[in-house]
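Okay, here's what each chain looks like letter by letter:
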Amino acid sequence: MADPVLEVHDLKVTFRTENGSVPAVDGIDFAVAPGQTLAIVGESGSGKSVSSSAVIGLLPSNADVSGEVLLDGRELNGLPNDELRKIRGNDIAMVFQDALSALNPYYSVGWQVAEAYRLHHDVSKKVARRRAVEMLDKVGIPDAARRADSYPHEFSGGMRQRVVIAMALVNDPRVLIADEPTTALDVTVQAQIMRLLDDVQDEFGTALILISHDLGVVAEVADDVLVMYAGRAAERGTVRDLFFRAAHPYSLGLLGAMPRVDVPPKPRLTTIPGTPPGPGSITTGCPFQPRCAYTHLVGERCVTERPELTPRPGEGDHEAACHLGRRPEVIL
Amino acid sequence: MSEELLNLKDVKKYFGLRGVPWQKAQAVRAVDGVNLVVRKGETIGLVGESGSGKSTLARVATRLLDPTQGRVEIGGKDVTRVKGRRLRPIRRRIQMVFQDPQASLNPRQSVATILSTPFRAQGLRPTRAQLVELLEQVGLAEEHLVRYPHEFSGGQRQRIGIARALSVKPDLLVCDEPVSALDVSVQAQVLNLLADLRDELGLSYVLVAHDLAVVRQVADRIAVMYLGTIVEEGPAAQVYESPAHPYTKALLSAVPVPEPGVTRDRIVLTGDVPTPIDPPSGCPFRTRCYKAEDVCATKRPVLEPVEGSTEHRAACYFPEPPPLERTQ
Ligand SMILES: Nc1ncnc2c1ncn2[C@@H]1O[C@H](COP(=O)(O)OP(=O)(O)OP(=O)(O)O)[C@@H](O)[C@H]1O
Ligand SMILES: Nc1ncnc2c1ncn2[C@@H]1O[C@H](COP(=O)(O)OP(=O)(O)O)[C@@H](O)[C@H]1O
Ligand code: SF4
Ligand code: SF4
Ligand SMILES: [Mg+2]
Ligand SMILES: [Mg+2]
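Residues numbered from 1 in each chain as written. Chains lettered and ligands numbered in written order. Predicted model: local features only at pLDDT ≥ 70, side-chain atom pairs only at ≥ 80, totals over all residues. Heavy atoms only, no water.

Considerations on the nonpolar core
In this structure, Leu115(B), Ile162(B), Leu212(B) and Ile222(B) are the most contacted members of the largest nonpolar core, which totals 66 residues. The biggest single contributor to this core is helix H7 (residues 184-201) of chain B, with seven residues. Look past the residues within four positions of Ile162(B) in its chain and what remains in contact with it is Val97(B), Val138(B), Val190(B), Leu193(B), Leu194(B) and Leu197(B). In terms of nonpolar packing, the next biggest core, distinct from the first, is built from 39 residues, Val113(A), Met159(A), Ala166(A) and Val170(A) among them. (Core = buried A, V, L, I, M, F, W, Y, C linked by side-chain atoms within 4.5 Å. Buried < 20%, exposed > 50% of the residue type's maximum accessible area, 1.4 Å probe, protein only. Helix = DSSP H or I, 4+ residues; strand = E, 2+ residues; numbered from the N terminus. Contact = heavy atoms within 4.5 Å.)

In structure tokens form, the structure reads like this:
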């Protein structure tokens with residue numbers, strides 16, 4: 001793999017709350033190289049959004065962050081806010097699920113994209129506007145020069161998400177973090193947006209961190225995948241490692257639970273019993289143990305000893321955090 | 001053929017928009033002439049993009065909304081104009097499950113109270129044993145009776161919503177996006193539960209969902225909506241394997257498949273769904289259709305059987321040809 005543009009080592013995020021401290025992210029590592037896509041998957045509450053917000057220093061003040069966040073080898077964690085502001089939106093940009101909340105209803109979309117550009121470039125309003133129209137055109141807003149004067153509410157959900165992507169890309173970021181960018185959209189619009197992101201990566205070599213719960217989208221666009229469970233990495237590897245050689249019971253559970261559109265249905269979907277634990281509620285043993293169908297193959301250790309990531313057969317750095325060293329037979 | 005539970009005949013639902021005085025009053029044509037029959041034991045999947053009229057149709061079918069035009073028959077009886085107390089026996093046969101389990105349960109009511117409500121609406125008083133049985137049907141237990149909605153996870157709340165709908169022993173459940181707020185693992189639990197209840201209780205479903213993979217997992221028949229009309233309808237296997245309407249074909253091709261390396265022949269639709277205030281003349285899909293010709297702008301195509309099948313129908317002047325084995 002080419003040298004990563006962004007590397008994260010042993011990232012931990014703890015929230016100080018009235019009810020004590022909440023360890024939302026408990027030591028994860030990931031990296032992404034130019035033009036590559038890393039997908040982060042896992043059920044809600046597993047720490048996906050908190051991890052990515054930590055990367056760009058966008059967590060509330062009750063969050064304690066430790067670990068390394070390296071952009072081209074430069075440490076970002078601990079940088080003062082004005083330094084971070086220069087990086088945020090410029091070297092690393094972010095797209096959130098809810099496009100409407102990312103846009104200001106009182107300003108035209110063209111103005112908003114232009115302002116995002118002027119934040120990091122010392123140019124005239126005219127130049128910035130030209131750049132904004134160019135970006136809106138690039139993300140597929142028809143008749144961009146005219147539509148730049150429209151307001152967010154005049155656009156459909158898919159078009160708003162395009163505007164948000166135009167804003168995120170206006171400064172040619174090296175890394176784009178997209179948190180569930182298509183979850184609120186129809187599949188037809190999702191297909192357009194995913195194609196757009198793919199084109200952008202081809203053209204500019206942008207590294208993409210895609211947070212998604214849709215394994216179909218992940219299979220289609222990711223190079224590498226990180227599976228998170230309860231704030232930790234359950235498994236990581238290439239997209240093929242994950243889909244063809246999944247080694248962690250949780251990954252297998254997710255794959256079996258997903259219905260498919262392209263093959264006749266199975267009589268029953270595989271389910272993972274129960275629900276994910278709250279952060280920090282399982283302190284000894286494997287955090288997946290209460291829901292795991294394979295503990296009988298391991299025994300006591302699942303309850304007493306926390307499994308660390310260990311290498312698995314695969315294409316590259318395929319690793320899983322499970323005491324069951326071999327790939328489990330699929331239990332249906 | 002088995003008993004007919006629900007029959008919608010040329011149903012329309014227009015919402016009035018209060019226009020400015022000098023403009024002609026406008027109407028949102030949310031549902032614009034739908035015919036649909038649901039028989040005992042069937043699961044019908046209602047799919048389509050956001051705004052296509054799925055939820056509105058579901059609400060008209062359950063008599064939560066009055067149709068602007070057309071007829072709603074439940075159990076063979078015309079119930080289009082039935083109101084008030086006389087709706088009770090109808091409500092007993094057909095119940096609704098909503099998308100957001102959080103919003104559809106009253107946070108100040110215990111589970112016992114929530115489950116009793118439909119009984120009381122029927123003028124009945126449930127016994128504790130009846131409530132426990134309901135909870136057990138959906139995989140919950142007696143201890144949950146005294147708890148409140150916030151003490152449950154999203155999936156458990158959806159189970160409570162289903163239990164509430166089951167309380168009056170309906171024949172038909174109309175479920176509007178029952179799993180779209182849930183994580184995949186929990187979604188699978190609820191989908192399996194719906195299948196079990198169908199087998200155990202002989203329930204029928206109308207399942208409204210925008211996730212086509214979810215619908216394929218549970219539905220026997222599919223109806224595809226676009227701009228307030230059904231553009232294709234038929235047995236699930238036939239619609240998924242050989243869609244006849246260009247819209248269905250494009251929609252299915254857009255769904256990503258969880259298998260790396262499988263590249264799909266994708267028909268990427270351009271543009272947005274037109275506004276239902278002023279839908280296109282002729283075929284509603286013609287502004288985005290890759291096959292459109294002049295004739296498509298003239299008259300709205302009607303649902304007609306696809307070559308080689310009696311149950312699979314599409315509303316298109318140039319439907320996709322069926323697979324060879326079906327025409328022989
Ligand atoms: N009370 C109302 N007043 C005016 N317009 C309405 C009303 N309810 C729905 N509509 C409009 O009717 C159309 C169909 O809406 P509906 O909610 O049935 O769509 P849907 O297919 O369920 O969409 P989704 O997938 O987003 O839930 C939309 O254009 C919607 O904006
Ligand atoms: N500001 C906060 N204060 C306390 N806990 C938080 C805060 N933000 C997130 N969390 C908790 O951190 C965990 C991970 O959240 P998140 O990263 O948003 O999950 P995901 O994106 O994977 O759904 C959750 O349990 C969440 O409740
Ligand atoms: S360590 Fe044990 S409990 Fe955890 S995933 Fe592996 S087998 Fe299951
Ligand atoms: S009738 Fe014409 S416009 Fe409509 S779907 Fe068929 S080919 Fe396309
Ligand atoms: Mg999140
Ligand atoms: Mg709806």
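There is more to say, and it comes next.
A few points about the packing of helix H6 (residues 154-166) of chain B against H7(B)
Residue and element names in this part refer to chain B. Two numbers describe how H6 lies on H7: the axes approach to 10 Å, and their chain directions differ by 20°. With respect to each other, H6 and H7 are oriented roughly parallel. Of the two elements, H6 crosses H7, and the hand of that crossing is right-handed. Each of Gly155, Gln158, Arg159, Ile162 and Leu166 in H6 lies in contact with H7, whose residues at this interface are Val186, Gln189, Val190, Leu193, Leu194, Leu197 and Leu201. Grouping the constituent residues of the contact of H6 with H7 by class yields eight nonpolar, three polar and one charged. (Axes fitted to C-alpha atoms, helices over the stretch in contact; angles between N-to-C directions. Parallel < 35°, antiparallel > 145°, perpendicular 65-115°, else oblique. Left-handed = near helix turned anticlockwise from the far one by under 90°. Nonpolar A, V, L, I, M, F, W, Y, C, P; charged D, E, K, R; others polar.)

A few points about the domain arrangement of chain A
As a measure of interface size, the accessible area lost when the parts come together is often cited. Domain annotation of chain A identifies domain 1 (100-171) and domain 2 (247-320). A straight line from the C-alpha centre of domain 1 of chain A to that of domain 2 of chain A covers 42 Å. (Domains from an automatic or database assignment.)

Looking at the pattern of salt bridges
Counted according to the given criterion, the structure contains 42 salt bridges over all chains. One salt bridge connects Arg301(A) with Glu305(A), and the closest N-O pair in it is separated by 3.2 Å. Overall, the relative accessible area of 36% leaves Glu305(A) in the partly exposed class. Of the charged contacts, one joins Lys83(B) and Asp66(B) as a salt bridge, the two residues approaching to 3.6 Å between their closest N and O atoms. Residue Lys83(B) is found in the loop between strand S5 (77-78) and helix H2 (88-93), and its partner Asp66(B) is found in the loop between helix H1 (54-61) and strand S4 (69-74); the two are separated by 17 residues along the sequence. (Salt bridge = Lys/Arg side-chain N within 4 Å of Asp/Glu carboxyl O.)

Remarks on the side chain of Ser253(B)
Residues and elements named next belong to chain B. Within the element layout of this structure, Ser253 appears in helix H10 (residues 246-254). Overall, Ser253 belongs to the buried group, its relative accessible area being 8%. In this structure Ser253 touches Arg264, Asp265, Arg266 and Ile267, once residues within four positions along its chain are discounted.

A few points about the packing of helix H5 (residues 125-138) of chain A against helix H7 (residues 157-169) of chain A
All names here are of chain A. H7 packs onto H5 with a crossing angle of 125° between their chain directions and a minimal axis gap of 9 Å. By the angle between their directions, the pair H5 and H7 is classed as oblique. For the pair H5 and H7, the sense of crossing is right-handed. Contacts between H5 and H7 involve Arg131, Met135 and Leu136 from the first element and Val163, Ala166 and Leu169 from the second. Class assignment of the residues belonging to the contact of H5 with H7 gives a composition of five nonpolar, no polar and one charged.

Observations concerning the interface of chain A and chain B
Opposite the 42 residues of chain A that make contact, chain B presents 37 residues. Carbon and sulfur atoms make up 58% of the surface buried where chain A meets chain B, a total of about 3500 Å² over both sides. On the surface where chain A and chain B come into contact, there are three salt bridges. Linking Arg260(A) and Glu259(B) is a salt bridge whose minimum nitrogen-to-oxygen distance equals 3.1 Å. Here chain A and chain B share 15 residue pairs in polar contact (both at pLDDT 80 or more) between them. If you list the elements that add at least two residues to the side of chain A that touches chain B, you get helix H8 (187-204), helix H9 (215-221), helix H10 (239-244) and helix H11 (249-257) of chain A. (Buried area = accessible area lost by both parts, 1.4 Å probe. Polar contact = N/O pair within 3.5 Å; in protein donor to acceptor, adjacent residues only side chain to side chain.)

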